Amino acid sequence: MISVHEAVPADAVGRLTALRREVHRCLTMRADALFELVDALLCGDRPVGSLVELSLAGEHRRSHGSLYAALNQGRINVDRLRTALSAVAVPRAADGRIVLAVDVTCWLRPEAHTSPQRVLCHTYGRGKDTHIGVPGWPYSVVTALETGRSSWTAPLDARRLAPGDDAATVTAGQLRDVVERLISAGQYQPGDPDIWIVADAGYDGPRLAFLLADLPVKVLVRMRSDRVLRRAAPPRMPGTTGRPPRHGGEFIFGDPASWGTPDAATTTDTRLYGTATARAWHRLHPRLTHRTAWASEHGPLPIIEGTVILLSVERLPSGATAKPVWLWWSHPTATTSEVDLAWQAFLRRFDIEHTFRMLKQTLGWTRPKLRDPAAADRWTWLVLTAYTQLRLARTAVADLRRPWERPAPAERLTPARVRRAFRHLRGKTSSPAAAPKPSRPGPGRPPGHRNHRPANRHDVHIVTSANANPKNKKTHNPRPRRTG
């Protein structure tokens, strides 16, 4: 198994060859067919329009029927594949730390009535600019971010959210596994800067920080502009009776009068956003109640303090109105320089959108019409494996640009342009896939005979108020109050 503790080749071709051999070992059933499917995906020159078109590539020596059979009947040792991807050198920020971004992207399957485990996925701008729910398979993806402007990230893990899963709990477990694998692979050593985890407003930042408190990580998430947090409890005066307060005054995001003087402030001139101003307030925490994710907790709930950062920019590249961005960081007393690094790391989080676009529009991640969600998981890991091979090949390929494209230096090649030249690099790496054996296709269903075993139809999982808040559920708080 590949590990940074072993003798890894120093050149890009050697590292790519070692990864390809390890990927082949992770394919436990129909390994050769699955591996050639990845090669056909990598050596294509155009965006993948359909899965069957990959069988026309010269690197795919098998029939088109074996392509679907490999996805439906193949097996992948996912745990070993996760370890192999974690052993590949991950990109780092300017100060040498690892920055992880987590987000959910959906594989929409609105017409797949025979596909189980579909849920309603929130989509943006569909149907006359309305946000609607479309049935599909949501995937939580964790990637490592690079420094500077780049369309590259390093995908480390992907998990499909099953119906009824708590997104916060699944994400916390996923992040814990990723961080522990990075530590085991030697990517993080004692004494290194803490790993940062950045996420958007759909994640409960204090909850993630509480669940990952025993790991060397700090959580940075965006918060909605209507949140209310609490300050630290004031010191108890001598001679005061009664129960001491657990929370201080309110910090209302929408009320500037409640903010007070910031504990840190920075001003930075940027090329795209103009003047960026960041103000930070220390030791702010949400007032938790025994509801939702904290309903199963007994006794007093924890006080999770952090730093709140208000980021304001002069303009947006799109010309839209620049709205302030609220960030919550699990570092209670961040300094001015740390605040400056934090909001810049959050802006790098949007690089994951470039990866999602590459996976869907170029590599055709959501193109196959697969019925079984397990087959969709196999295809997802094959696509992530192909993207990792492109990341290793980015310094070893030449730029095969179109006549109308501008020349780009080797360090600025996009994933799509690296894929364009991967076919020339593949010949320098050994292919562990064996040659196909001649066989005769099965008879199939005789012509004119109807299918008397139709596939079962599955309903879309919908979370309603009836099953989200059952009537027989007892609350531990007799006086519900506004929470932060």
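Residues numbered from 1 in each chain as written. Predicted model: local features only at pLDDT ≥ 70, side-chain atom pairs only at ≥ 80, totals over all residues. Heavy atoms only, no water.

Q: Could you clarify how one ought to interpret the overall build of the chain in this entry?
A: Looking only at helices and strands, the chain features 12 helices and 14 strands. Here the C-alpha radius of gyration of the chain, 25 Å, is about what a compact globule of 484 residues would show, namely 23 Å. Structurally, the chain occupies a C-alpha span of about 90 × 55 × 45 Å along its principal axes. Taking all 484 residues of the chain together, 45% fall into the buried category. Considering only intrachain contacts with a sequence separation of at least 6, the fraction spanning at least 24 residues in the chain is 68%. Each charge sign in the chain was given a centre, from 71 positive and 43 negative side chains, and these centres are 6 Å apart. (Helix = DSSP H or I, 4+ residues; strand = E, 2+ residues; numbered from the N terminus. Rg over C-alpha atoms; globule rule 2.2 N^0.38 Å. Buried < 20%, exposed > 50% of the residue type's maximum accessible area, 1.4 Å probe, protein only. Contact = heavy atoms within 4.5 Å. Lys, Arg positive; Asp, Glu negative; His and termini not counted. Charge placed at Lys NZ, Arg CZ, Asp CG, Glu CD.)

Q: Looking at this structure, how should I read the pattern of salt bridges?
A: Counted by the stated rule, this structure contains 29 salt bridges. Here Asp 39 ties to Arg 20 by a salt bridge, and the two come within 2.9 Å at their closest N and O atoms. On the criterion of sequence distance, the pair formed by Asp 39 in helix 2 (residues 31-42) and Arg 20 in helix 1 (residues 12-26) is long-range, its members being 19 residues apart. Like Arg 20, Asp 39 is buried. Where Arg 426 meets Asp 39, a salt bridge forms, and the shortest distance between an N and an O atom there is 3.0 Å. A residue pair is termed long-range when its members are at least 10 positions apart, and Arg 426 in helix 11 (residues 422-426) and Asp 39 in helix 2 qualify at 387 residues. A relative accessible area of 1% places Asp 39 in the buried class. Taken together, the salt bridges that share partners define one network made up of Asp 79, Arg 82, Asp 157, Arg 159 and Asp 177. (Salt bridge = Lys/Arg side-chain N within 4 Å of Asp/Glu carboxyl O.)

Q: Is there a simple way to explain the nonpolar core in this structure?
A: Generally speaking, a soluble globular protein has its nonpolar side chains buried in company with each other. Leu 54, Trp 379 and Leu 382 are the most contacted members of the largest nonpolar core, which totals 79 residues. A total of 12 residues in this core trace back to one element, the largest contributor, which is helix 9 (residues 373-393). Those residues in contact with Trp 379 that sit more than four places away from it in its chain are Leu 37, Leu 41, Leu 51, Leu 54, Leu 71, Trp 107, Leu 363, Gly 364, Trp 365, Pro 368 and Leu 370. Ala 154, Val 219, Leu 229 and Leu 284 belong to the second largest nonpolar core, which has 40 residues in total. (Core = buried A, V, L, I, M, F, W, Y, C linked by side-chain atoms within 4.5 Å.)

Q: For this particular structure, what's the right way to read the confidence of the model for the chain?
A: Low-confidence regions, as indicated by low pLDDT, have predicted coordinates that should not be scrutinised in detail. Predicted confidence across the chain gives a mean pLDDT of 88, with 92% of residues reaching 70 or more. When the elements of the chain are averaged for pLDDT, helix 12 (residues 465-468) gives the smallest value, 47, and strand 14 (residues 325-329) the largest, 97. Between residues 475-484, whose pLDDT stays under 50, and residues either more than four places distant or in other chains, the model counts 18 contacts. (pLDDT = per-residue confidence, 0-100.)

Q: Just checking my understanding: could you explain the packing of aromatic side chains for this structure?
A: In this description, a pair of aromatic rings is defined by centroid distance and the angle of the planes. Inspection of the entire model under this criterion finds 15 aromatic pairs. Considering the side-chain rings of Tyr 139 and Trp 365, the 5.4 Å spacing of their centres and the 70 degrees angle between planes classify their relative orientation as edge-to-face. Residue Tyr 139 is located in strand 5 (residues 133-145), and its partner Trp 365 is located in the loop between helix 8 (351-362) and helix 9; the two are separated by 226 residues in the primary sequence. Across the pair, exposure class does not vary: Tyr 139 and Trp 365 are buried alike. Taken together, a centroid distance of 5.2 Å and an interplanar angle of 75 degrees make the contact between Trp 259 and Trp 326 edge-to-face. You can see Trp 259 sitting in the loop between strand 10 (250-252) and strand 11 (264-270) and its partner Trp 326 sitting in strand 14, a full 67 residues away along the chain. Across this residue pair, the class does not change: Trp 259 and Trp 326 are buried. (Phe/Tyr/Trp six-rings, centres within 6.5 Å; stacked < 30°, edge-to-face > 60°.)

Q: What exactly am I supposed to notice about unusual backbone geometry here?
A: Across residues other than glycine, the phi torsion is negative in most instances, and most of the peptide bonds are trans. Its identity is not glycine, yet Arg 283 carries a phi of approximately 55 degrees, on the positive side. Mapping Arg 283 onto the fold places it in strand 12 (residues 274-284). Even without being a glycine, Thr 292 presents a positive backbone phi close to 45 degrees. Inspection of the secondary structure puts Thr 292 in the loop between strand 12 and strand 13 (306-313).

Q: Sorry, what's going on with helix 2 here?
A: If you check helix 2, its first and last C-alpha atoms are 17 Å apart, about what 12 residues at 1.5 Å a residue would give, namely 16 Å. Taking burial as the measure, the 12 residues of helix 2 include 11 buried ones, the bulk of the element. Along helix 2, the residues classified as buried are Ala 31, Ala 33, Leu 34, Phe 35, Glu 36, Leu 37, Val 38, Asp 39, Ala 40, Leu 41 and Leu 42. (Expected span 1.5 Å × (residues − 1).)

Q: Looking at this structure, how should I read the environment of Gly 148?
A: Relative to the elements of secondary structure, Gly 148 occurs in the loop between strand 5 and strand 6 (153-160). Taking the C-alpha atoms as reference points, Gly 148 and Ala 93, separated by 55 residues in sequence, lie 8.3 Å from one another. Excluding residues within four positions of it along the chain, Gly 148 makes contact with Arg 348 and Asp 351.

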